[in-house]
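# Commentary on secondary and tertiary structure
Residues per chain are reported as follows:
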Amino acid sequence: MTRSDLVEELAARFSQLTHRDAEFAVKTILDAMSDALVRGHRIEIRGFGSFSINRRPPRMGRNPRSGESVAIPEKRVPHFKPGKALREAVDKRTAELNAAKPV
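Heads up: these notes are all about the structure in this document. Being a predicted model, the structure only gives us computed values, none of them experimental.

## Focus on the side chain of Ser52
Checked against the element boundaries, Ser52 lands in strand 2 (residues 49-56). Apart from the residues lying within four places of it in its own chain, the contact partners of Ser52 are Leu37, Arg42, Val77, Pro78 and His79.

## Digging into the pairing of strand 2
The pairing of strand 1 (residues 43-45) with strand 2 spans 3 bridges and is classified as antiparallel. Paired with Ile45 across the strands is Gly49, a residue of strand 2. Between strand 1 and strand 2, which pair antiparallel one after the other, the connecting turn spans 3 residues, and Gly47 there sits at a positive phi close to 85 degrees.

## Focus on a nonpolar patch on the surface
Taken together, Ile45, Phe48 and Phe80 make up a surface patch of nonpolar side chains, about 240 Å² in accessible area. Its place among the elements puts Ile45 in strand 1. Given a relative accessible area of 36%, Ile45 falls into the partly exposed group.

Reading guide: rules and limits
Residues numbered from 1 in each chain as written. Predicted model: local features only at pLDDT ≥ 70, side-chain atom pairs only at ≥ 80, totals over all residues. Heavy atoms only, no water. Helix = DSSP H or I, 4+ residues; strand = E, 2+ residues; numbered from the N terminus. Contact = heavy atoms within 4.5 Å. Pairing = 2+ DSSP bridges. Patch = residues over 30% accessible without salt bridge, like charges linked within 9 Å, V, L, I, M, F, W, Y side chains within 5 Å. Areas by Shrake-Rupley, 256 points an atom, 1.4 Å probe, with all protein chains shown as cover. Salt bridge = Lys/Arg side-chain N within 4 Å of Asp/Glu carboxyl O. Buried < 20%, exposed > 50% of the residue type's maximum accessible area, 1.4 Å probe, protein only.

Given below as structure tokens:
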């Protein structure tokens with residue numbers, strides 16, 4: 001699902017929202033989440049999951065072309081951990097789809 005798919009779904013579910021309003025709502029939510037992560041905050045949405053920032057320590061890597069060692073600096077990367085309800089829903093739906101497939 002892309003951002004535009006999310007906007008379409010929101011506009012379809014809530015008929016009182018115009019396409020422009022749905023687009024603004026999705027943009028506002030995603031911007032707020034991005035800003036919170038940039039500031040180092042953790043985002044927790046009950047039943048869905050949590051977003052946090054993980055630290056990747058500096059390490060030595062290799063250039064695949066030349067084989068020489070390259071220093072890779074420390075990074076901070078976003079991390080998503082799905083909530084229990086989401087994990088169970090995905091697992092249940094996947095099991096149902098796999099059971100429906102002819103062998």
